[in-house]
Structure formats: structure tokens, C-alpha cells
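Listed below are the residues making up each chain.
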Amino acid sequence: MSEALWCVVPAAGRGMRMGADCPKQYLPLAGKPLIAHTLERLAAHPRIAGLLVVLGARDELWPGIETLHGKPVRVAIGGAERSDSVLAGLNALPSEVENADFVLVHDAARPCVRAKDITQLIERASETDGGLLGAPLRDTLKRAGEGDCSLATEPRDQRWRAFTPQMFRRGELVAALGAVSNHGRAVSDEAMAMELAGFRPLLVEGAEDNIKVTTAADLALAEFLLARTA
Ligand SMILES: Nc1ccn([C@@H]2O[C@H](COP(=O)(O)OP(=O)(O)OP(=O)(O)O)[C@@H](O)[C@H]2O)c(=O)n1
Ligand SMILES: C[C@](O)(CO)[C@H](O)COP(=O)(O)O
């Protein structure tokens, strides 16, 4: 597959775990808003055709963002859950994006994603039902009980951490997200919806520095990583 893909960027979260006075995706990071780093890395990728950024109802991007690295940047309004925002973005894609076309979904909160990992995902997952970047769990995993005591050690073989981008055919992902929504189920990523629909997404190992900025400590780490993973 050689054509370029559109990327839906969920950016409608409130960043509650960050505890800042604005949604974390707009916090300053290395001299510009966190989301700007993410959008620039995505738009700079030769296999990405355009960005569909899903914003909170009260949020907006900055003037001139309509085109980035020569790629169109469009916006849609998100929903209460991340999956609602992803679905809104998928439904707002330009008509040129057909149901059979692969699309990417990448968190605005992951500014350190590496171009080579995006390339690997596109090249490997395009021969399958789709896939996602991730990394095998390398730490011992504990099940915590009351008072943060360790109740048990969980098996870590065949356990991966899921990252983004995640990549699926537009129509199949819309149907899978719609099905979980209709059943009132919560999904934490697109791959979960696809698994529930009977698909087996391909896990593509990517760099573990593709961190999701969630708490204040992640901001300092992201600044360090941005300098190294440019
Ligand atoms: N209703 C939502 C919730 C999340 N997101 C986006 O999904 C990505 C990953 O979500 P997360 O890290 O959980 O962000 P928040 O929901 O903002 O964080 P928190 O749970 O701490 O509020 C982020 O880019 C976030 O903006 C979204 O588009 N719509
Ligand atoms: C999609 C994701 O980033 C994969 O790890 C993660 O599930 C997002 O979870 P969040 O609770 O919305 O941050």
C-alpha cells in the first residue's frame, strides 16, 4: 500500500489527571503548545495525507493551522469519552476517504511519536486487519489491593502496552465503535473495539518513548524526549 492516510487526532480531553488550569494538550512544551508538536510530527510524515483534529466544544486551534507541512488540517467536535471523539472524527473525514481506506488514530497527548514507528505500523498493518503500536511489558506486574498492598504478581508474558497510532479501515472501525456504543460498553482504545468485533489487530513494536502525557511529571520527560527523538 503506497497511498497516504488521514489521521484522526483525539484532542477533546480535559486533562483531569494533569490538574492544570487548561486541558493538557494546550500546555506549553518546549516553547509551543503540546498539541503543536504532535500535529507537526504527524503532518511531516510522508504517508499522512491530512489531519482531522477532534477538539473540545470550547477549544480551538490557532490561526493558520488549516494547512501544516502542505497537508490539510480539519477539525471536528469531540464527545464525552475518547471513543466518542474518535467516532466524531471518523465521521468528519473528507468524502475522499472511503470505508475501505485505512486511517490512523493518534492521541494529541503523544507528542514524541517517531516517524519510523509510524512507517513500520503503516507498512506492516496494511497487510492485515489493521494494527497498533505498542511494546511488550518488561516490568513485573502487580495486582494492588486496599492500601496499595501487592496482592499478587500477574503474568507478564504476552502482555503489551498499547500506544498510538492505531490503524484500521475507516468503515470497520466506525462499525466497531458504533457497536460498543450501542451496547453501552466502554473501550479505552480503537483496538479494543476491533477485538470485540472479532478482529485481531497486529501489535507492532514501537519505541517506549512514545509516551502519553498524562500527569505533570510526564511534561518534563516529554521535553527531554522531544529533543532526542526529533
Ligand atoms: N472525551 C475525550 C477524552 C480524551 N480525548 C483525547 O484522547 C487522548 C488520550 O486521552 P487522555 O490521555 O485520557 O486525555 P484526557 O482524557 O484529557 O486525560 P484525563 O483522563 O486525565 O482527563 C488525549 O489526546 C485526549 O485529548 C478525547 O479526544 N476526547
Ligand atoms: C489509546 C491509549 O493511548 C492507548 O494506550 C489509551 O488507552 C488512552 O487511555 P486514556 O485513559 O484515554 O488516556
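Because the structure is a prediction, the values reported are computed rather than measured.

Here the focus is the UniProt feature "site: Transition state stabilizer" (unreviewed entry) in the protein. Taking the UniProt record as the reference, the feature "site: Transition state stabilizer" (unreviewed entry) is found at R17 and K24. Mapping R17 onto the fold places it in the loop between β1 (5-11) and β2 (28-29). Residue class for R17 comes out exposed when judged on its relative accessible area of 62%. The residues touching R17, leaving out its near neighbours within four places in the chain, are K212, T214 and T215.

Once that is clear, we can look at the nonpolar core. Among the nonpolar cores identified, the biggest contains 30 residues, and I35, L39, L51, V53, L61, L104 and M167 are the most heavily contacted of them. Put simply, the parts of the chain that give this core at least two residues each are β1, α1 (34-43), β4 (48-55), β7 (102-105), α3 (115-125), β8 (131-136) and β11 (160-169). The residues contacting L104, other than those within four sequence positions of it, are L5, W6, C7, V8, I48, I118, L121, I122, P165, Q166 and M167. Of all hydrophobic cores here, the second largest spans 23 residues; its members include A76, L132, L177 and F199.

For the rest of this paragraph, the subject is the pattern of salt bridges. What the rule picks out here adds up to 11 salt bridges. With its nearest N and O atoms 2.4 Å apart, the salt bridge here joins E190 to R82. Of this pair, E190 sits in helix α5 (residues 190-196) while R82 sits in helix α2 (residues 82-91), and the two are 108 residues apart along the sequence. A relative accessible area of 25% means that R82 is categorised as partly exposed.

Below, the discussion takes up the site of ligand 2. Around ligand 2, the structure places R17, R82, D107, R110, A162, T164, S188, D189 and K212. Within the backbone of A162, one N or O atom sits 2.6 Å away from an oxygen atom of ligand 2. The protein chains hide 74% of the 360 Å² of surface that ligand 2 would expose on its own.

Secondary-structure assignment places D59 in the loop between β4 and β5 (67-68). Overall, D59 belongs to the buried group, its relative accessible area being 14%. There is a polar contact of 2.4 Å between the side chain of D59 and the side chain of R14. Every residue in contact with D59, bar those within four places of it in the chain, is listed here: A11, R14, P23, Q25 and Y26.

The next subject is the site of ligand 1. In the neighbourhood of ligand 1, 19 residues make up the surrounding shell, with G15, M16, R17, K24 and S85 lying closest. Between ligand 1 and E81, the relevant distance is 3.4 Å, taken from a nitrogen atom to a main-chain nitrogen or oxygen of the residue. Between A109 and ligand 1, the recorded distance is 3.3 Å, taken from a backbone N or O atom to an oxygen atom. Within the complex, 87% of the 560 Å² of free accessible area of ligand 1 lies under protein.

Feature annotation in UniProt places "site: Positions MEP for the nucleophilic attack" (unreviewed entry) on R156 and K212, given in this structure's numbering. By secondary structure assignment, the location of R156 is in the loop between β10 (150-154) and β11. If near-sequence neighbours (up to four positions away) are discounted, R156 is found in contact with L137, R138, D139 and T140. From its side chain, R156 meets the backbone oxygen of R138 in a polar contact 3.1 Å long. For K212, the location among the structural elements is in the loop between β12 (202-205) and α6 (216-228). You can call K212 partly exposed: its relative accessible area is 28%. In this structure the side chain of K212 is engaged in a polar contact, spanning 2.8 Å, whose partner is the side chain of T214.

The next subject is α3. Helical periodicity: at 3.6 residues per turn, an α-helix aligns residues three or four positions apart in one direction. For α3, every residue scored as buried is listed here: D117, I118, L121, I122 and A125. Mapping the buried residues of α3 onto a view down its axis gives an arc of 135 degrees, with all of them on the same face.

Turning to α6, its buried residues are D218, L219, A222, L225 and L226. If you follow the buried residues of α6, they end up packed against β2 and α1.

Of the residues in the protein, 98% reach a pLDDT of 70 or more, and the chain-wide mean stands at 96. Here the predicted complex scores 0.97 on pTM and 0.98 on ipTM.

Cut-off values and rules
Residues numbered from 1 in each chain as written. Chains lettered and ligands numbered in written order. Predicted model: local features only at pLDDT ≥ 70, side-chain atom pairs only at ≥ 80, totals over all residues. Heavy atoms only, no water. UniProt positions renumbered as here; feature names shortened; annotations may be inferred. Helix = DSSP H or I, 4+ residues; strand = E, 2+ residues; numbered from the N terminus. Buried < 20%, exposed > 50% of the residue type's maximum accessible area, 1.4 Å probe, protein only. Contact = heavy atoms within 4.5 Å. Core = buried A, V, L, I, M, F, W, Y, C linked by side-chain atoms within 4.5 Å. Salt bridge = Lys/Arg side-chain N within 4 Å of Asp/Glu carboxyl O. Near = heavy atom within 4 Å. Polar contact = N/O pair within 3.5 Å; in protein donor to acceptor, adjacent residues only side chain to side chain. Areas by Shrake-Rupley, 256 points an atom, 1.4 Å probe, with all protein chains shown as cover. Arc of directions from axis to C-beta. pLDDT = per-residue confidence, 0-100.

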